[in-house]
Structures are given as C-alpha cells and as structure tokens.
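Summary of the model geometry
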Amino acid sequence: MLIKSIEKFGKKILSLLESMGRAILFFLTGMMHIFTLPVQFAKIIDQTWFIGSKSIFVIILTGLFTGMVLGLQGYYSLVKVGSEAALGAAVALTLISELGPVFTAIMVTARAGSSMAAEIGIMRISEQIDALKTMHINPVRFLFSPRIIAAVISFPLLTALFDVVGIIGGFISGSIMLGINQHVYMDTVIQSIKIHDINLGFYKAFAFAVVTTTICCYRGYYTHLYSGFGARGVSLSTTNAVVQSCISIFVFDYIITFFWI
Amino acid sequence: MNKRKIEFYVGLFVSIGILCTGYLFIVLGEISLVRDKQYQVYAFFTSVSGLKTGAKIEMVGVQIGTVSKVSIDKERLLAKVEFRIDKNIELSEDVIASVKTSGIIGQKYIDILPGGSDIMIEPGEEIFNTESSLDIESLVRKFIFNTENK
Amino acid sequence: MTIPLIQFIDVSKSFGASPVLKGLNLSIYTGEIIVVIGKSGTGKSVLLKHIIGLVQQDSGQILIEGKPLSQLSAVDRKSFYRKLSYMFQDNALFDFMSIYDNIALPLMEDSIFPKHQVKKKVLERMEQLGLIGIEEKFPAQLSGGMRKRVALARALVIDPKIVLFDEPTTGLDPVRKKKVHSMIQEYQKKFEFTAVIVSHDIPEIFNVAQRIAMLDEGTIKFEGSKKDILDSHSKILNDFIEGKDV
C-alpha cells in the first residue's frame, strides 16, 4: 500500500519533469527557428493580424471600462481622505504598471491563445503535423515561431493601447462625470508616471507574450500526449492552455514586479 | 480575408500601437527626444529622507529640472544628489538647495533659492549651500527640550 | 532475384503496453502497386509511418535496397525521404492556406526550386488532376472528392519515387472510389512510382493491386498476387474478404 503510493508519487514527479523538459525544448526549438532562414514573413503578418489587429476592438472596450471603473472607484476612495485631486495618478499608475499588461494578456489569451491551442491541436489530430514532417518541414518552426514573433509584436502595442484608452476612461468618469478639473487630472497623470513604470509595463507585456504563446502552442502541439486524439482531446487542451496561461500571467506578474521594485 | 486587407489591418494596428507607445513614453514618461536640453549639477545633504529619483526641482515655484540620482557618499557619509537642470536656467554659485515637502502627505522635492552672485555654476559642479529634509520628529523633540529648560 | 526496394524484417512496435506490430516481414518491390489489407486497428497506418520515418521500430530492421535504414548516412537517408510522399487518410490539408499554397508547400519549404518553376510544377499537377480554377480557394470550400484530389496533387508534386496511400478512399461514394482507384493506377503508370496502399475496399482494390498483403495481429498473414488470393484457402483471409467476424 505504502510502496504503491510512493511509486505513484514518483511516477507523477517523473512525468511532471518530463513534460517540463518537453515544454522547455519546445520553447527553445521555436526560439531557435526564429533565426533560421528564410524568414516566414507571410505567416508573421497573418498571425499579427490575428493576434493584434483583431484584438483592437476588445482591448479598446475592456481598456475603456477598466479605466472608467478605476476612476469611479478611485474617486470615492480618495474623496474620503480628501485627495481626489490625485485621481489621475492613481488611475494611470495602476493601469500602466499593473492592470494594462495583465488585462491585455488575459484578453488576448482568451481570444487568440485559445484558438491557437485549438487550431494546432486539430492539426495534430488530423495528422497535419505529421504531414508537415513528411514534407521535411519542421512543424515547430512552421507553427510556433511565427506565432511567438507576432505575439511579441502585438502584446506591447496592445498594452500601450489599453493604457491610453484606460487613462481616457478614467478621465471620462473622473473629470467629465464626477467633475475633477480636467487639467488637474491630466497633470497628475503626467506628473506621477515615471519612465520606470512604463518600462515595467512593457517588460511585463513581453514576458506575457512569450509565456502565453508558448503554453498555448505547446498544449495544442502535444494534444495527443495529454488529452488523447479526438475532439474531446482538443477541447481539453484548449481549456488547459487558457487556464495555465492565465495562472502563469499572474505568477509572472508577481515575480517581475518583485524583482523590479 | 484577402491578403491586402490583412496587410492593411496589420499596418493600421501597428501604427495605432506605436502611437500609443509613443504617447506613453514621450508625454507621460517625459523622455526628451532631443538630448542635452539639461545639464547636470550635484549637491550634498545631511539627510534627504523621502526624496526619490525623478523628484521635481523648483525655483520660485516653477519646475526647472528633476533629481536624476540619489546616492550616499561613503567617505563623507552624506547624501549625494544629482540634479538635471534645464539648459536655459543658469544658477549662480550662492543658490541654496533645500529638500521640501509639497502638501501634508505629499512628495519631497528640491527647492532652489536664487542667489545674487555673478559667478555661475558650470555643468558638473557642486551646489555648496544646502538645507536638508525637515524632520518633524526632531523639531518636536527640540521644542520639548526647549520648554523643559526654561 | 531482385533486391526489394523496401524490406521489413522482424519489425516489432508497441505503443505503451499494447503491441501493434509483432515481428512483421514484408517486401516491397520497385515499381509495383502493393495493397495492404487488414482489419482496422491492426497497425496498417503504423506500417506506412515506419517507412516514412514518423515512427521508429522497437526491434527488427527496415532495409532500403538491401541496406538497413538505421545505418544509412544522414545524406542518404535524407535523399531517400525526399523520394517519398505520403497521402494521409484525412488528406491533412492546411485550412489556413489556399489550395495553391497547399500544393506548393512541399516545394516551397525545401526552397530548392525558384519561384517560377514551383508555379509551373504546381499548375501542371493541378491541370492533370482537373483542379484548375480553384487556386485561391481554401480546403474548407471544396467537396470531399476535390480535397482528395488536392491531397493527391500535393503528394505527387515532388515527383516522388514511392507514394504511400493511407486509405485513400475513406469517406467517398462508390463512384468517387472508383475514380480515385483509377487515378492512382493511371498516375502510377504515368509517373512510374512505387505505390503502397492501405485499403479496406475489398474487392475493388484488387483491380488496382499487383500484389496484396494481409496484416493481422501484427504480422503479415498472407502475401501474394490477386490470383494467389482467390486460390488460397487461408481461413483468415477468406473470412476477412467475405466480411465474417473472426
């Protein structure tokens, strides 16, 4: 009984190590193939369209409402201590160094990451990945490398968009609706934000791009190993991809903030 | 979706993104695109408690620069503060730099009291006259001691 | 006696705890059409995947023109794989690419051919297979039969010496089935490749086959010409052909 459970535990650890190694190798192969010629321009453009351009609307909506709720919530908290003039600073700081990168990454994962996992997973179960191999095409280079480049381009730009729209959202609820002087609002925004905070936000966006794309592509690519063949397997991989991506976004967010400050 | 449309939307997305990034860095981050609009001087303080990199430097209530570095001078055991002052502001050598607080819970900043000397401080030189942070605790203690002595 | 192009010697392979191939022996000769029949799940696809290198055997050897595949130099192995092409059961076309790009893919990624030559080759194959006019469409917009032909065009675009067909007629109606069969026959004659076909279409496939091998329980139970099959009195074979459950 005891031996059996120890055995089971050991097996679990071994398989965990195995899949960790597999994920790291997958990541490294993909990174390496970014630099093998010829550059896969058409695919990078396609993926940037899919990850970036198609997310603009979602990001504007979420950014606007996040900013507005920050303005509203912040106003009623700050008014208690009589420093509602600092609203701009509060909104901008939380957005730029924290909420901007995190919310953007989560929204893009929900939109593009899930479909990456599903698409690659379906390619796996319908033997398209095998077909690539029979044509002497490296599937990791073909599928993963363009996506990671596109994500690294898209995430920071979308984050910047989210930040700007969010600051406008805060302006709408704080200044237009609650009547804080608009010059005071913009002034505190400009005064409070330091280059340091902006850099932090962008470093986070980069890290989230790499982490979520890797997890989503990896889950799709190895669908057959973890969830089996079939539609069920793909749906399971997609769910796992999104959940694990979101968890890692929060974990990495903490780690980066911890080392930055 | 046809190829040219995709390319158009990617172009649009990237330009919107770069515009926003530019706005963040240039307007909010206050990166000066043109270098050397400012020059550097430094000063020693006995205490700069609460003063941070990036804090404002004001003269007669107008911002003229920022604090670029706060460090400790190991030999003299004083705080060494480096200032970046706008090029068009010239400081005479008898100005007084003091650490001040804006508002009650507000941030620390540096106030520079104009001097009257004809000799100007060159970039990279030191401001000699400084006043350190006002330490409310020690003020209170002083006040109490004074009343006891009476 | 001629040396077989591809020869399986005592090849065994298991996935996890379940064995799929158990000491399989099979010879494939240059220029022939050999059909592998057998029940579903007996490892027919696995057999094909051994040839193209998607699966490695646990034990035994695969000889290529008398030399073990595992002992070939990297260059020789590569040049062998370049002669191979594989047509997948579900076509395995890429949804996100146009028909033209799909067919051109095996040529593009190798980047041995200049662009105009690629175009010439692709259009030539498309014309031969009656696919002209759909270059810009996507696989999802085509019928099942069309997709099959696109897959065939993709398999043939590299001028392969050996083509492996994994159930080329699944999901097609009898008329289309016949068409695919005659297509294989026709192009095999035209391009003189060696064809290995895994199929369930009994007895139609016998008209295509020059030789037939029957796979059951991980080994080849029968190997011979169509005449041999009809003459044979092997119980398993006859039961399978007549569709009886063993």
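Position numbers for residues count from 1 along each chain, tracking the sequence in the order it is written. To read the labels, note that chains go from A and ligands from 1, taken in the order they are written. In keeping with the model being predicted, local features are shown solely for residues with a pLDDT of at least 70 and side-chain atom pairs are shown and tallied solely at 80 or more, while totals for entire chains, interfaces and linings include all residues. Water and hydrogen atoms play no part in the side-chain values, which are based on all heavy atoms of the structure.

Scanning chain A from terminus to terminus reveals 10 helices and 0 strands. A run of H or I in DSSP becomes a helix once it reaches four residues, and a run of E becomes a strand once it reaches two; helices and strands are each numbered from the N terminus. Seen in sequence order, chain A has helices and strands lined up from the N terminus as α-α-α-α-α-α-α-α-α-α. With the C-alpha coordinates of chain A rotated into their principal frame, the extents come out at 65 × 55 × 30 Å. Here the contacts in chain A between residues at least 6 apart in sequence split such that 85% fall between residues at least 24 apart. Split by element, the accessible area of chain A, about 12,000 Å² in all, is 75% carbon and sulfur. In this tally Asp and Glu are treated as negative and Lys and Arg as positive; neither His nor the chain ends contributes. For charged residues, the charge sits on one atom: NZ in Lys, CZ in Arg, CG in Asp, CD in Glu. Each charge class in chain A can be summarised by its mean position, and for the 17 positive and 12 negative side chains these summaries are 11 Å apart. For this analysis, residues touch if any pair of their heavy atoms sits within 4.5 Å. Here the open area of atoms and residues is found with the Shrake-Rupley method and a 1.4 Å probe, where only the protein chains shown may cover a residue.

Attention now moves to the interface of chain A and chain C. Taken residue by residue, the interface counts 16 residues in chain A and 20 residues in chain C. For chain A, the biggest contributors to the area lost against chain C are Glu 127, Met 135 and His 136 of chain A; these three give 35% of the whole. What makes a salt bridge here is a side-chain nitrogen of Lys or Arg within 4 Å of a carboxyl oxygen of Asp or Glu, nothing more. Across the salt bridge formed by Lys 49 of chain C and Glu 127 of chain A, the nearest N and O atoms sit 2.9 Å from each other. Where the side of chain A that touches chain C is concerned, the elements lending two or more residues are helix H4 (87-125), helix H5 (128-134) and helix H6 (139-177) of chain A. It is H5 of chain A that provides the largest number of residues to the side of chain A that touches chain C, a total of 6 residues. Each residue receives one of three labels: charged for Asp, Glu, Lys and Arg, nonpolar for Ala, Val, Leu, Ile, Met, Phe, Trp, Tyr, Cys and Pro, and polar for the others, Gly being one of them. Classifying every residue of the side of chain A that touches chain C by side-chain character gives 6 nonpolar, 4 polar and 6 charged. A 1.4 Å probe defines the accessible area here, and the buried area is the portion of it lost by two parts on being joined, summed over both.

Let us now look at the confidence of the model for chain B. pLDDT: the predictor's confidence for each residue, scored from 0 to 100. Across chain B, the average pLDDT comes to 77, with 83% of residues at or above 70. This complex was scored by the predictor with a pTM of 0.74 and an ipTM of 0.75.

Quick look at the sheet that holds strand E6 (residues 84-87) of chain C now. Residue and element names in this part refer to chain C. Pairing between strands is defined by DSSP: at least two bridges between the two strands are required. Pairing is mixed across the open sheet formed by 6 strands, whose spatial order is E6-E7-E8-E3-E9-E10. What marks the edges here is a single partner per strand, and that holds for E6 and strand E10 (219-224). For this sheet, the mean angle separating the axes of adjacent strands, direction not counted, is 15°. As defined by bridge partners, strand E7 (residues 162-166) adjoins strand E8 (residues 194-198) across 5 bridges and the pair is classed as parallel. Of the residues in E8, the one forming a bridge with Ile 162 is Thr 194. For helices, the axis comes from a line fit to the C-alpha atoms of the stretch in contact; other axes are also lines fit to C-alpha atoms, and the angle between any two N-to-C directions lies between 0 and 180 degrees.

The interface is formed by 23 residues belonging to chain B together with 26 residues belonging to chain A. Both sides of the chain B and chain A interface together cover about 2,100 Å² of buried area, and 82% of this is carbon and sulfur. A per-residue breakdown of the area chain B buries against chain A is headed by Phe 13, Leu 24 and Leu 28 of chain B, which together make up 31% of the total. Polar contacts, as counted here, are pairs of nitrogen or oxygen atoms within 3.5 Å of one another; within protein the pair requires one atom able to donate a hydrogen and one able to accept it, and residues that are adjacent in sequence qualify only if both atoms are side-chain atoms. The interface formed by chain B and chain A contains 1 residue pair in polar contact (both at pLDDT 80 or more). A per-element tally of the side of chain B that touches chain A places helix H1 (residues 3-28) of chain B first, with 16 residues.

Residues and elements named next belong to chain C. The 4 strands are arranged E2-E1-E4-E5 in an open sheet whose pairing can be described as antiparallel. The open sheet has two free edges, formed respectively by strand E2 (18-28) and strand E5 (67-68), since each of these has just one partner strand. In this structure, strand E1 (residues 6-15) lies alongside strand E4 (residues 59-64), joined through 5 bridges in antiparallel fashion. Counterpart to Ser 12 in the pairing with E4 is Ser 59. Along the sheet, helix H1 (residues 44-52) contacts E1, E2 and E4; its crossing angle with E1, the most-contacted strand, is approximately 115°.

One pair of aromatic rings is described through two measures. These are the centre distance and the angle between the planes. Stacked, tilted and edge-to-face are the three classes assigned to paired rings of Phe, Tyr and Trp, where Trp is represented by its six-membered ring and a pair needs centres within 6.5 Å; plane angles under 30 degrees give stacked, over 60 edge-to-face, the rest tilted. Taken as a whole, this structure holds 16 aromatic pairs over all chains when the rule is applied. Between the aromatic rings of Phe 165 of chain C and Phe 193 of chain C, the centroid separation amounts to 6.5 Å while the plane-to-plane angle is 45°, which identifies the pairing as tilted. Remark: Phe 193 of chain C occurs in the loop between helix H6 (174-191) and E8 and Phe 165 of chain C occurs in strand E7; sequence separation between them is 28 residues. Note on classification: 1.4 Å probe, protein chains only; a residue is buried when its accessible area is under 20% of the maximum for its type, exposed when over 50%, partly exposed between these limits. Judged by its relative accessible area of 1%, Phe 165 of chain C falls in the buried class. Note on Phe 193 of chain C: relative accessible area 1%, which makes it buried. Joined through ring pairs, the aromatic side chains of Phe 26, Phe 144, Tyr 218, Tyr 221 and Tyr 222 of chain A make up one cluster. For a lysine, the NZ atom is tested; for an arginine, the CZ atom; a charge sits over a ring if that atom is within 6 Å of the ring centre and within 35 degrees of the ring normal. The ring of Tyr 222 of chain A carries Arg 22 of chain A above its face, with NZ or CZ at 5.5 Å from the centroid.

Turning our attention to the arrangement of the chains. Contacts are most numerous between chains A and B, considering all 2 pairs of chains that are in contact. You won't find any contact between chain B and chain C; their C-alpha atoms come no closer than 10 Å.

What follows is about the side chain of Thr 214 of chain A. Assignment of secondary structure puts Thr 214 of chain A in helix H8 (residues 195-221). When near neighbours in sequence (up to four residues on either side) are disregarded, Thr 214 of chain A contacts Phe 26, Phe 27, Phe 144 and Ile 148 of chain A.

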